[in-house]
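# Inside the fold
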Amino acid sequence: RVTGTVVYDVPWLANRHDMLGGVLGGWQLSSVVNIRSGEPLRITQASGIANSRPDYNGGNQIFDNWRDTMQYLDRTAYTLVPTSPTTGATIRPGNQNSSQVRGPGRRRVDLTVAKAFKLHGQSQLQFRIESFNVFNWRQYSNPNTTVTSPTFGQITSVGSTRTVQIGLRLTF
């Protein structure tokens, strides 16, 4: 995970003490950037034992065109471990482990544009426009990881899209 923050005081017209400088000068831009790799995925198979794992039989586990199809994992990369007819439990552990495959990565940029107006004494009123996920990048959820499920490997939801809010903040 990488996270970075930047704050920039826009210098244009900031030193003017007339009406033009009071309205157009003294703006501030700030941003938070967050980029992270996907989370490790635990691929499981239905069994009498919780979190039973299938065997990984080689090959590419993630489809190249998953963003278009929302089908992230390839079922053919896994083989079910045989189960006991009596208990329904797998007869041995599978060889797939969570370090072999990761979910989709995420990236997000938030941006704020603000301007503070001085009032009496030390009081000030700040006007703010804040945009979260300003580039509207999709925030993919992890896919279904139960290999025996009809929806195995599918991404069935996407996180929040761009949000914009406008506000005032009074400091005294």
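Use the structure listed above.
We now turn to the structure provided with this report. This is a predicted model, so every value here is computed, not measured. (Residues numbered from 1 in each chain as written. Predicted model: local features only at pLDDT ≥ 70, side-chain atom pairs only at ≥ 80, totals over all residues. Heavy atoms only, no water.)

## Focus: the pairing of strand β6 (residues 124–132)
Note: strand β5 (residues 106–118) against β6, eight bridges, orientation antiparallel. The residue of β6 that forms the bridge with Ala 114 is Arg 128. Two successive antiparallel strands, β5 and β6, enclose a turn made up of five residues, where Gly 121 displays a positive phi of approximately 60°. When β6 meets strand β7 (residues 163–171), the two strands line up antiparallel, connected through nine bridges. Paired with Gln 126 across the two strands is Arg 169, which belongs to β7. (Pairing = 2+ DSSP bridges. Helix = DSSP H or I, 4+ residues; strand = E, 2+ residues; numbered from the N terminus.)

## With respect to the nonpolar core
Grouped together as the largest cluster of nonpolar side chains are 13 residues, with contacts concentrated most on Ile 43, Leu 73 and Tyr 78. Not counting chain neighbours up to four residues away, the residues in contact with Ile 43 comprise Ser 52, Arg 53, Pro 54, Leu 73, Tyr 78, Gln 96, Val 101, Thr 145, Val 147 and Phe 152. (Core = buried A, V, L, I, M, F, W, Y, C linked by side-chain atoms within 4.5 Å. Buried < 20%, exposed > 50% of the residue type's maximum accessible area, 1.4 Å probe, protein only. Contact = heavy atoms within 4.5 Å.)

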